[in-house]
Amino acid sequence: MQVFLHLGLHKTGTSSAQLFLQENRELIWPRAALVLPGRIRAVEGAVFAHHYNRDGGALAAITAAMRDFLGTMALGPKRRILISSENLLGPMPRGLTPAPYPDAAAIIRALIAGFDAFDWPVQVTPYLSTRAQGSWVESLWAHQIRKDQMIPFTEDLESFRSRMNRVTQREQLAILHRDLMGIGLVTQDVSEFDGLPFGAGQPFLDFLGLTPAQRAAFRPVGRRNVAPPRAVTEALLQLNRQGLGEEALAAAKRALLAAAERETTSEKDEA
């Protein structure tokens, strides 16, 4: 059995990849079982519990949750599996820990251990989509600003960047390659997606080893969950700092984002 385990990173084209998989699921199914975030919430929950609690049994609970989830699927020794869920590494980084994903190697090992329940050999290939540090940090920052939360996010970009740069993405990946030696970690930078026929979906098709004729039936998709222009994010930040009530703030942010979307659409139509 071969497994392609897409674990993020957050804000690296994961929504676009999952849209591609969802849109092409009927073509994928004869070749591989498909697991998207909605199906694997219990495993994500075990990962989040480990992140926040870090008790002695937390990693074992991740393995148990993965084993239980796999037990709900009809699988055989020759069946391939495609899994994509950025929350399987834990919460989206906010610079609150020295490294963006402080326990990534241990979590990946715990997830892979869940496949030991099978009576046949299993090869799990962890896959991380990546991004240049500067644009990645700005995208994480912008997401926190857009997000509706009880305590609005009000930090400026440079302060956020200084915390996120304590351990850069490149340094985190180097640590993972070292700690996961022998596991075969695969990475792909989002800057390369625009040059690939199927964008963020390309690594999944490469894993399946399809012929050119088979690939021709797949439908590419556009980018999804793209951040608004920087000026819009700055305007949202100012809203977060105004001390509005939770409902009023959420409504104001929706209105601002809708206006920005209308303006963008109008500019495209004029072009």
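See above for the structure.
Everything numeric here is computed off the predicted structure, so don't read it as measured data.

1. What to know about the overall build of the chain
A tally of helices and strands in the chain yields 12 helices and 5 strands. Relative to the 2.2 N^0.38 estimate, which gives 18 Å for 271 residues, the radius of gyration of the chain is 20 Å and therefore close to what a compact globule would have. Projecting the C-alpha coordinates of the chain onto the three principal axes gives extents of approximately 60 × 50 × 35 Å. For the chain, with 271 residues in total, the buried portion stands at 46%. When contacts within the chain are restricted to residue pairs at least 6 apart in sequence, those whose partners lie at least 24 apart make up 80%. Counting every atom, the chain has about 13,400 Å² of accessible surface; 53% of that belongs to carbon and sulfur.

2. Comments concerning the pairing of strand β1 (residues 2-6)
Summarising burial for β1: 4 of the 5 residues are buried, a large majority. Pairing of β1 with strand β4 (residues 123-130) involves 5 bridges; the strand directions are parallel. Looking at the pairing, V3 lines up with V124 of β4. Taken together, the 4 bridges between β1 and strand β3 (residues 81-84) define a ladder with parallel strand orientation. Paired with H6 across the bridge in β3 is S84.

3. Structural notes on the side chain of E44
Inspection of the secondary structure assignment puts E44 in helix α3 (residues 41-53). Relative accessible area serves as the criterion here: at 5%, E44 is assigned to the buried category. Separated by 3.0 Å, the side chains of E44 and R41 make a polar contact. Beyond its immediate stretch of four places on either side in the chain, E44 contacts P37, S85, N87 and L88.

4. Quick look at the nonpolar core
Counting 55 residues, the largest nonpolar core has L70, I81, I83, L111, F115 and L176 as the members making the most contacts within it. For this core, the leading source of residues is helix α5 (residues 104-113), giving 7 residues. For F115, the residues in contact, after removing those within four places along its chain, are V3, M66, L70, I81, I83, V122 and V124. Counting residues in each nonpolar core, the second largest holds 19 residues, with I28, L205, F207 and F218 among its members.

5. Section: the layout of surface pockets
Taken as a whole, the largest pocket encloses approximately 760 Å³ of empty space. Contributing to the lining of the largest pocket are 39 residues, with G13, R131, R223, R224 and V226 lying nearest its centre. Elements that contribute at least two residues to the lining of the largest pocket include exactly α1 (14-23), α6 (133-146) and α11 (230-240). Among the residues making up the lining of the largest pocket, the classes are represented as 15 nonpolar, 16 polar and 8 charged.

Conventions used here
- Residues numbered from 1 in each chain as written.
- Predicted model: local features only at pLDDT ≥ 70, side-chain atom pairs only at ≥ 80, totals over all residues.
- Heavy atoms only, no water.
- Helix = DSSP H or I, 4+ residues; strand = E, 2+ residues; numbered from the N terminus.
- Rg over C-alpha atoms; globule rule 2.2 N^0.38 Å.
- Buried < 20%, exposed > 50% of the residue type's maximum accessible area, 1.4 Å probe, protein only.
- Contact = heavy atoms within 4.5 Å.
- Areas by Shrake-Rupley, 256 points an atom, 1.4 Å probe, with all protein chains shown as cover.
- Pairing = 2+ DSSP bridges.
- Polar contact = N/O pair within 3.5 Å; in protein donor to acceptor, adjacent residues only side chain to side chain.
- Core = buried A, V, L, I, M, F, W, Y, C linked by side-chain atoms within 4.5 Å.
- 1 Å grid on protein atoms, 1.4 Å probe; cavity = no way out; pocket = protein on both sides within 12 Å on 5 of 7 lines; lining within 4 Å.
- Points joined across faces, edges and corners; volume = space filled by probe spheres on them.
- Nonpolar A, V, L, I, M, F, W, Y, C, P; charged D, E, K, R; others polar.

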